[in-house]
Amino acid sequence: MAITTDLIRDKLIAKIGAVHVDVEDTSPNRCAASFKVLVVSSQFEGKTLLQRHRMVNTCLAEELKEIHAFEQKTLTPEQWEKQKAQ
């Protein structure tokens, strides 16, 4: 199965209840080996950064077996709103 930005986005929305997801293929030739994601979910409320990242990693466990580099930023909806206002 090819890993696509849409696959990652759809999985995060379905499994983590993300209200906003940005996924960028950062591979030099867009070969789906390196991704950068921004995930906004109310399920992150009250969670530490490590807990949030573990939630994302668990959600994408199968995909991460084939991805060489994965950068993630995880925010609550309130944090996302504050960041957009800046």
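Further up the page is the structure itself.
Sequence order as written defines residue numbering, which begins from 1 separately in each chain. Residue-level local features of this predicted model are given only where pLDDT is at least 70; pairs of side-chain atoms are given and counted only at 80 or more, and the full residue set underlies all totals for whole chains, interfaces and linings. Neither water nor hydrogens contribute to the side-chain values; these are computed over all heavy atoms in the structure.

1. Considering the environment of Lys11
Right, on to step 1. Within the fold, Lys11 resides in helix H1 (residues 5-16).
Right, on to step 2. With 49 residues separating them along the chain, Lys11 and Leu60 place their C-alpha atoms 7.5 Å apart.
Right, on to step 3. Note on contacts: a residue pair qualifies if any of its non-hydrogen atoms lie within 4.5 Å across the two residues. Beyond its immediate stretch of four places on either side in the chain, Lys11 contacts Ile16, Cys59, Leu60 and Glu63. Numbering of helices and strands starts at the N terminus; helices are DSSP runs of H or I of at least 4 residues and strands are runs of E of at least 2.

2. Some details on the pattern of salt bridges
Right, on to step 1. Salt bridges are defined by distance alone: a side-chain nitrogen of Lys or Arg within 4 Å of a carboxyl oxygen of Asp or Glu. All chains considered together, the criterion is met by 5 salt bridges.
Right, on to step 2. Residue Arg9 is joined to Asp6 by a salt bridge in which the shortest nitrogen-to-oxygen separation is 2.7 Å. Of this pair, Arg9 and Asp6 both sit in helix H1, 3 residues apart, which is roughly one turn of that helix.
Right, on to step 3. With relative accessibility at 45%, the residue Asp6 sits in the partly exposed group.
Right, on to step 4. Between Lys84 and Glu81 there is a salt bridge; the shortest N-O distance is 3.2 Å. Each residue is assigned to one of three classes by its accessible area relative to the maximum for its type, calculated with a 1.4 Å probe on protein chains only: buried under 20%, partly exposed between the two thresholds, exposed over 50%.

These results come straight from atomic positions and should not be treated as a statement about function.
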